[in-house]
Amino acid sequence: MYSMTGYGKAVYKTKDLAVSVEISSVNNRFLEYSFRLPKQISFLEAKFKELISSQISRGKINLAVSYEDYGIGVDRLVVNRKLADEMYRQLAEMKKKYKLTGSIELTHLLGFHEVFKVEKSDDIEDRIWPPMKRAVEKALKDLGAMRKREGANLKKDLVGRLKILNRKIGLVEKLADENVTAYRQKLTKRIQDILENRALNTTRLEEEVVYMAERADITEECVRFKSHLKQFDADLKKGGSLGKRLNFILQEMNRETNTIGSKSANTEISHLVLGLKEEVEKMREQVQNLE
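Residues numbered from 1 in each chain as written. Predicted model: local features only at pLDDT ≥ 70, side-chain atom pairs only at ≥ 80, totals over all residues. Heavy atoms only, no water.

### Remarks on unusual backbone geometry
We count it as follows: To qualify as a helix, a DSSP run of H or I must reach at least 4 residues; to qualify as a strand, a run of E must reach at least 2; elements of each kind are numbered from the N terminus.
Even without being a glycine, Lys99 presents a positive backbone phi close to 55°. As for its position among the elements, Lys99 is in the loop between helix H2 (81-97) and helix H3 (106-110).

### Things to note about the nonpolar core
The test is simple: We call a set of buried residues a nonpolar core when its members are Ala, Val, Leu, Ile, Met, Phe, Trp, Tyr or Cys and they connect through side-chain atoms within 4.5 Å of each other. Throughout, exposure labels follow a simple rule: accessible area from a 1.4 Å probe, protein chains only, divided by the maximum for the residue type, with under 20% read as buried, over 50% as exposed, and the rest as partly exposed.
If you look at the biggest cluster of nonpolar residues, it comprises 29 residues, and the most contacted ones within it are Val172, Phe232 and Met253. Within the residue set of this core, elements represented by two or more residues are helix H4 (124-174), helix H7 (219-238), helix H8 (243-263) and helix H9 (267-287). The element that contributes the greatest number of residues to this core is H9, accounting for seven residues. Core analysis: the second largest hydrophobic core is formed by 25 residues, Leu37, Phe48, Leu51 and Ile61 among them.

### A look at the pairing of strand S2 (residues 17-26)
Looking along a regular strand, one sees side chains alternate from face to face of the sheet. Selection rule: Strands qualify as paired when DSSP identifies two bridges or more between them.
The sheet contact formed by strand S1 (residues 6-13) and S2 spans eight bridges and is antiparallel. Among the inter-strand pairings, Tyr12 is bridged to a residue of S2, identified as Val19. Between S1 and S2, which pair antiparallel one after the other, the connecting turn spans three residues. As paired strands, S2 and strand S4 (residues 59-69) are joined by 10 bridges and run antiparallel to one another. Counted as the bridge partner of Ala18 is Glu68 from S4.

### Some thoughts on the environment of Val11
Here Val11 is to be found in strand S1. A C-alpha to C-alpha distance of 9.7 Å links Val11 and Ser66, two positions 55 residues apart in sequence.

### Describing the sheet that holds S1
Here is the rule we go by: Between N-to-C directions, angles span 0 to 180 degrees; the directions come from axes that are lines fitted to C-alpha atoms, helices contributing only their stretch in contact. Every residue pair with non-hydrogen atoms within 4.5 Å of one another is taken to be in contact.
The strand order across the open sheet built from four strands is S1-S2-S4-S3, with neighbouring strands paired in mixed fashion. Of all strands in the sheet, those with a lone pairing partner are S1 and strand S3 (31-36), marking the two edges. Geometrically, the sheet is characterised by an average inter-axis angle of 15° between neighbouring strands, direction not taken into account. Sheet strands touched by helix H1 (residues 45-53): S2, S3 and S4. Its angle to S3, the strand with the most contacts, is close to 135°.

### Comments concerning the pattern of salt bridges
Applicable threshold: Should a side-chain nitrogen of Lys or Arg be within 4 Å of a carboxyl oxygen of Asp or Glu, the pair is scored as a salt bridge.
All told, the structure shown has 16 salt bridges when counted by the stated rule. Because the salt bridges share partners, they merge into one network encompassing Glu220, Glu221, Arg224, Glu256 and Lys263.

### Re the packing of H7 against H8
Filter applied, for reference: When an angle is under 35 degrees it counts as roughly parallel; over 145 it counts as roughly antiparallel; between 65 and 115 it counts as roughly perpendicular; any other value is oblique. Two helices cross in a left-handed way if the nearer one is turned anticlockwise from the farther one by less than a right angle. They cross in a right-handed way if the turn is clockwise.
Their axes nearest at 9 Å, the elements H7 and H8 cross at an angle of 160°. Taken together, the axis directions place H7 and H8 in an arrangement best described as roughly antiparallel. The interaxial crossing formed by H7 with H8 has left-handed handedness. Here H7 contributes Glu221, Cys222, Arg224, Phe225, His228, Leu229, Gln231, Phe232, Asp235 and Leu236 to the contact with H8, which in turn contributes Arg245, Leu246, Ile249, Leu250, Glu252, Met253, Glu256, Thr257, Thr259, Ile260 and Lys263.

Given below as structure tokens:
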């Protein structure tokens, strides 16, 4: 199990390049990216996404990359020598024609931006992607280790809360008979009210009996709740990317809890239902952190 929250950092060096990477992740329903890259390597963004998605399935990923290039550089400067020659010739003629003093310096040519052009090196990707990839892989490994530790802590907490839920639903089942008794008392009183105010209506009485019997029976809800607990426990043991699945199971637990609460006429069961809802909500908060 992995938490979606974590941080990783790595540095990778070659004789020409020193790459520094920081990567962090936070909760998110889907896999999203935020990159801080030097402009010169922005074209590698798709490769970074592919690398990250091969190891992470959910979360907001923040990746920052910086580097120092000791080799030929990502870009290269190209000099238009023919144009430079023509510029120099024109300057020499102007100097002679207008009888200007001083010599023609390099700084004069630098004023003509057309003479110089920055081009991308043909081997940029082949040269810098391998060390970039190694650095990101190391940072992802660091991030994964932290996410795994956080996932283990979350799992430990969830297992403890599962035990609490098992104990509480067990107490609800024991009190289920008392719940039926409480409804029977309500039913008796309502029948007495009917008999006091008007002649006995057998159809009305049968309807009341069926309705109250359904209201009193919480057996099915308890059985389904316990089934959800078993499934939740089995998934925890299986591990993997579980956040969405566990959240769905908790929604079903919450639905059964609400039904038990609506059917209950027993004060003790009502108190237990509140405890069940509190634990389920705490578990949902924790599950939001799982990948």
